[in-house]
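# Remarks on the overall topology
In case you want the letters, here they are:
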Amino acid sequence: MALLEARDCALSFGGLRAVSGFGLSVDAGELIGLIGPNGAGKTTVFNLLTGVYVPDSGDIRFGDRSITGMAPHQINRCGIARTFQGIRLFPNLTAFENVMAACEHRSDLSMVGTVARSPGAEAERRRIEAECLALLDAVDLADRRDTPARSLPYGLQRRLEIARALATKPKLLLLDEPAAGTNPREKIELMEKIRWLRDDFGLAILIIEHDMKLIMEICERITVLDHGEVIAVGCPAEIKSDPKVIEAYLGEPE
Amino acid sequence: MPSLVRANAALLIGVALMWPLGAALPAVLNAYYLQIIVYIGINIILAVSLNLINGVTGQFSLGHAGFMAIGAYASAAVTMFAWPSGLPGGLWAALLAGGAAAAVAGLIIGIPTLRLRGDYLAIATLGFGEIIRVVIVNTESVGGARGLFGIPSLASFASVYACALICVVLLWRLVYSPKGIPLAAIREDEMAAAAMGIDTTRLKILAFMTGSFWAGVAGGLFAHFIGYIHTNSFTFLKSIEIVTMVVLGGMGSFSGAILAAIALTVLPELLRFGAEYRMIIYSILLIVMMLTRPRGLLGNREITTWLSSKLATAR
Ligand SMILES: Nc1ncnc2c1ncn2[C@@H]1O[C@H](COP(=O)(O)OP(=O)(O)OP(=O)(O)O)[C@@H](O)[C@H]1O
Ligand SMILES: [Mg+2]
């Protein structure tokens, strides 16, 4: 059974059909690319999958249940985490606090225990702190733990966003242009990191990225969107030679 | 249990020390100064608890004086009409009742308004503060427009500062724990917080109720310190005064809120300004603050972290 299964999803903003007839299936542990020209509807798909928008029609299933219409925090708790195209960290919180904020719902820390400093709550707090530090370490940010997120360089902010998403213990991670705005060397490092995270954390990853070379290199399967519709699905080699994909990219009116 | 006592030993000793301190103070300070010091303690509770709502969680409440009023009247009702005379512990039962009543009011206002993003809470709490006053003025059993006389003078320096210490320490522990960081995350970016699994509505309501609870306790202390309460003590202007303390101190900073609570209690007394000038001064203070230090005196950081960073750069 697929981990994520979106069927025939559609969403309009007023008169604009941003996404229509969208379908996607992701298996556990898969690394899948979502590509398409600017304005194709990729970010909107992420917003549908994470509950920011509810589809006008269609159904999204995760594991064995439908998540259509669930609130974003409920969907996250089911096991879908994301990063944002325009970075949305908690700017005035430190790198460490950013990650810790995302651990909230997973801990069975009680409010009373916390303020009374009960031994159980203290042990749980230390466990969470160790876990957050390990996550910062996994994206090589451990030495920046006390830096406010807003003061981090752009590339590190992108990595912190990934660590924060991982703190929610997802089964599926959605990355919206994680390499945007980073230099070529950082880009390659990041892609290696993503592959490593997938293996190490046993995640399925759905990634939006404009850099074709990178996408073709790391993804097992690719879904191509154009004008809100899926125009091709397949392995990198198939996508590369698909006439509709070539037309979508070369024949853009802009 | 023993480990719980050990973990809180410093706090418990601090609380216990308030009584000998309170007994010693009248020897060195006259009643006027003592009264100002008690008002500072009450204002610290109000500022720190509003800071949890406005500063930490980022929800703009303009009704803190309303919750203080609920706490004041509810607790006075307990000691005057419910608690058996002669039985000790009346003040503490009254404070708990006052805090609980304010928290319930916070829940009732919070549920419809905190689901929504934006300024709904500000508008709702603004109206709520006024509604509470109208209701009290028209309730003869609590004195109506004349105010409520004859509240037993059970609160003192010791009980006020014991409560202030407990309030500051418990809220500090909460805010800087894995349970409290998500509150700040809501302030920073509510959409991102929700995407990280944070039930933003639930936590906002919880923070609002907790802050309201302590406003109720502050109201109870106030009532049992001066022995007479009137709705004039809990007007919109009082709410603005508390907001000024939080904004001045730096949204989200405990030390900032405490310093501002002290300053804004002492300053009017020092300058002997009438109430009519006070609001002008607050407005000017706020404007100057927004222009020169838009993030407040201490930003959202604590004086401890500020000092250690100053020391680090000096070295
Ligand atoms: N909240 C919104 N309200 C109105 N229109 C929107 C909204 N969000 C997206 N759109 C529109 O929907 C279409 C798809 O946008 P989307 O952001 O999903 O594209 P994208 O594929 O992510 O593009 P890019 O590569 O530039 O990030 C665009 O035409 C966009 O203008
Ligand atoms: Mg996009």
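Keep in mind that what you see is a predicted model, and the values were worked out from it rather than measured.

### Brief notes about the sheet that holds strand β5 (residues 65-66) of chain A
Residue and element names in this part refer to chain A. Strand order across the open sheet formed by four strands is β2-β1-β4-β5, with antiparallel pairing between neighbours. Each of the sheet's edge strands pairs with one partner strand only, and the pair in question is β2 (16-26) and β5. Pairing analysis gives two bridges linking strand β4 (residues 57-62) to β5, with the strands arranged antiparallel. Residue pairing for β5: R61 is matched across the bridge by S66. The sheet strands contacting helix α1 (residues 42-49) are β1 (4-13), β2 and β4, and the helix crosses β2 at an angle near 65 degrees.

### A word on the layout of surface pockets
Residue and element names in this part refer to chain B. Here the second largest pocket defines a volume of roughly 520 Å³. The set of elements that each furnish at least two residues to the lining of the second largest pocket consists of α3 (31-56), α11 (236-249), α12 (254-271) and α13 (275-292). Here the element with the most residues in the lining of the second largest pocket is α3; it accounts for five residues. For the lining of the second largest pocket, the class distribution of residues is eleven nonpolar, five polar and four charged.

### Observations concerning the site of ligand 1
Residue and element names in this part refer to chain A. Around ligand 1, the surrounding shell holds 14 residues, and the nearest of these are G39, K42, T43, T44 and Q85. Here an oxygen atom of ligand 1 and a side-chain polar atom of T44 are 2.5 Å apart. Residue H210 places a side-chain N or O atom 3.0 Å away from an oxygen atom belonging to ligand 1. Its free accessible area being 630 Å², ligand 1 has 64% of it covered by the protein chains. Elements represented by at least two residues in the shell around ligand 1 include exactly β2 and α1. In terms of residues, the shell around ligand 1 owes the most to one element, α1, which gives three residues. Of the residues that constitute the shell around ligand 1, the class distribution is five nonpolar, seven polar and two charged.

The rules we used
- Residues numbered from 1 in each chain as written.
- Chains lettered and ligands numbered in written order.
- Predicted model: local features only at pLDDT ≥ 70, side-chain atom pairs only at ≥ 80, totals over all residues.
- Heavy atoms only, no water.
- Pairing = 2+ DSSP bridges.
- Helix = DSSP H or I, 4+ residues; strand = E, 2+ residues; numbered from the N terminus.
- Contact = heavy atoms within 4.5 Å.
- Axes fitted to C-alpha atoms, helices over the stretch in contact; angles between N-to-C directions.
- 1 Å grid on protein atoms, 1.4 Å probe; cavity = no way out; pocket = protein on both sides within 12 Å on 5 of 7 lines; lining within 4 Å.
- Points joined across faces, edges and corners; volume = space filled by probe spheres on them.
- Nonpolar A, V, L, I, M, F, W, Y, C, P; charged D, E, K, R; others polar.
- Near = heavy atom within 4 Å.
- Polar contact = N/O pair within 3.5 Å; in protein donor to acceptor, adjacent residues only side chain to side chain.
- Areas by Shrake-Rupley, 256 points an atom, 1.4 Å probe, with all protein chains shown as cover.

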